[in-house]
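Geometric and topological summary
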Amino acid sequence: MPEWLKDAVFYEIYPQSFYDSDGDGIGDLQGIIQKLDYVRSLGCNALWLNPVFDSPFLDGGYDVRDYRKIAERYGTDEDMKQLLERAHQMGMHVLLDLVPGHTSDQHPWFLESSKAEENEYSGRYIWTSHAFEGIAGHPYISGMKERAGAYMLNFFASQPALNYGWLNRTESWMSAVDSPEALATREAMKEVMRYWLEFGCDGFRVDMADSLVKNDDENKSATAAIWRDIRNMLDREYPEAALVSEWSNPVQAVNGGGFHMDFYLDHHHNGYNTLLRDYETEGGDHSFFLKEGRGDIMRFLNDWLPKYHAVRENGYISMFTCNHDTPRPARTLSEREMKLFYGFLLTMPGVPFFYYGDEIGMKYLDVRTKEGGYQRTGSRTPMQWDSSKNHGFSVSDNPYLPTDPAPSAPTVQDQLEKKDSLLHAVRDLTRIRHTYPRLQADGPFEVLHAMPHQFPFVYARGEMIIAVNPSGDTAEVPLECDAEAVYMIGECRIAGNRLRIPEQSFIILQNKAG
Ligand code: NOJ
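Below you will find a few notes about this structure. (Residues numbered from 1 in each chain as written. Predicted model: local features only at pLDDT ≥ 70, side-chain atom pairs only at ≥ 80, totals over all residues. Heavy atoms only, no water.)

**Things to note about the overall build of the chain**
Summing up its helical and strand segments, the chain has twelve helices and 20 strands in all. Radius of gyration (C-alpha) of the chain: 24 Å, near the 24 Å computed for a compact globule of 514 residues. When the backbone C-alpha atoms are referred to their principal axes, the chain occupies close to 80 × 50 × 45 Å. A fraction of 65% describes how many contacts in the chain between residues 6 or more apart in sequence connect residues 24 or more apart. Working note: accessible area of the chain is about 19,400 Å², and carbon and sulfur atoms make up 47% of it. Treating the 50 positive side-chain charges of the chain as one cloud and the 76 negative ones as another, the clouds have centres 3 Å apart. (Helix = DSSP H or I, 4+ residues; strand = E, 2+ residues; numbered from the N terminus. Rg over C-alpha atoms; globule rule 2.2 N^0.38 Å. Contact = heavy atoms within 4.5 Å. Areas by Shrake-Rupley, 256 points an atom, 1.4 Å probe, with all protein chains shown as cover. Lys, Arg positive; Asp, Glu negative; His and termini not counted. Charge placed at Lys NZ, Arg CZ, Asp CG, Glu CD.)

Put into structure tokens, the structure is as follows:
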């Protein structure tokens, strides 16, 4: 387990939307370099960069055309070298985005694979034997290529599925997981990883990590076995490199696949969803962090706690403010509600991730789709730095996407000036997390007070005690300890072995006896 993950607080950067250093309207690597001091000042000490590789950008870069080439619009190898060096000098680690399940249909492997004549890449993707033979239960395309056969899609139409084999082989064209062609795909992906690790990155966020083996069993054990093999390679060759999976099943990903951490994604009605994106519940939004107080922390705990206990010896569950696929928290949460949520996020076990702009409460915007974003585009608009043109993102007349046109659009500049801003709360909270090791990824966790449909929620991280009351009513709980407040949102009070926590408040205490 890489030691540095214990105290890591990540910042996810969607490169095209962060900072445009050369005025062409698109964010770039030099732009990220120029803003590293800002990211560090938030208390974030690790970055996840969404794909920065050569691509036709039909899915925001998740359609990779060349795994080893930086997309021209972002810069050069030299820029990436500088970014990594500068980040490392500042004590930061950088994860790149690995897309192992599919490539762009313009990737040279796929161009070769599409040829009628058999060649080295014929088995690199999943093809049926005949143009008139489809793939039951999976999306596929037929009739577009010289090669007779349908090819399977892993996501959009431009993203053919790489071939890691099938566990349950029902057709003759389905490769076995240990067939030469499936093993060749796996080895090719390992080479891509080695390439960037040698280059200087610190690991990978892995896209659709659970998607490799088709017709896998219900535990995804064949896909997990591939990742276990890859983890063994890392342990031998790059023991400090970290892997985080887009899987959202930590038992499979961490215990099975050997991932160091797994994202707790926003899936309808899972525990994470009930905290702040419970939009679709019958009778309205019952998110725990809404002031309406209709939430129920048990919906979160019943889902998260067993998973936490199941994986805690092996790795982490990563919660985030949002990501490039998910509506921003500010879509439904007020600034105060976000503060409380961030207080929770930064005092929970596991490795937390901030999505760029959430530290200032950037809005989810109603904008036209861009590069395969569709409804996700609203969370991908440019970072709002200040009140200048394009909110300081770019001097171009044609920015990648518009910024928030509202007069009240949050900016970094404004929030730096306001002492009680969301941005300052984030800075305070990350500083506290870095100061008290018990609050970090593998510190202990214990529920002290959690009742269905009641507030507050109180939990201990060793000698640290955290209480949060997102509701609009004052709450009180017994608290039998000699505790001192380390940080507060709202006027919380301890008197006579009771904690009084007013509406929409949060407190971190240190138990002096413990
Ligand atoms: C998940 C990524 O987060 C998303 O943005 C992308 O469209 C799909 N995987 C396909 O790669």
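The structure having been displayed, the exposition proceeds.
**Points about the packing of aromatic side chains**
On inspection of all chains with the given rule, the structure shows 46 aromatic pairs. Taken together, a centroid distance of 5.6 Å and an interplanar angle of 75° make the contact between Phe 300 and Phe 344 edge-to-face. With Phe 300 in helix α9 (residues 297-311) and Phe 344 in helix α10 (residues 335-345), this pair connects stretches of sequence that are 44 residues apart. Here the guanidinium or amino end of Lys 35 rests over the ring plane of Tyr 19, the centre of that ring lying 4.5 Å away. A cation over an aromatic ring shows up here: Arg 124 above the ring of Trp 109, its NZ or CZ 4.6 Å from the ring centre. (Phe/Tyr/Trp six-rings, centres within 6.5 Å; stacked < 30°, edge-to-face > 60°. Lys NZ or Arg CZ within 6 Å of the ring centre and 35° of its normal.)

**A short note on the site of the ligand**
For the ligand, the full set of nearby residues is Asp 59, Tyr 62, His 102, Phe 155, Arg 205, Asp 207, Met 208, Glu 246, His 324, Asp 325, Arg 376 and Arg 380. In the model, an oxygen atom of the ligand is placed 2.9 Å from a nitrogen or oxygen of the Arg 376 side chain. Computed on the free molecule, the ligand has an accessible area of 300 Å², of which 98% lies beneath the protein chains in the complex. For the shell around the ligand, a count of residues per class yields three nonpolar, two polar and seven charged. (Near = heavy atom within 4 Å. Polar contact = N/O pair within 3.5 Å; in protein donor to acceptor, adjacent residues only side chain to side chain. Nonpolar A, V, L, I, M, F, W, Y, C, P; charged D, E, K, R; others polar.)

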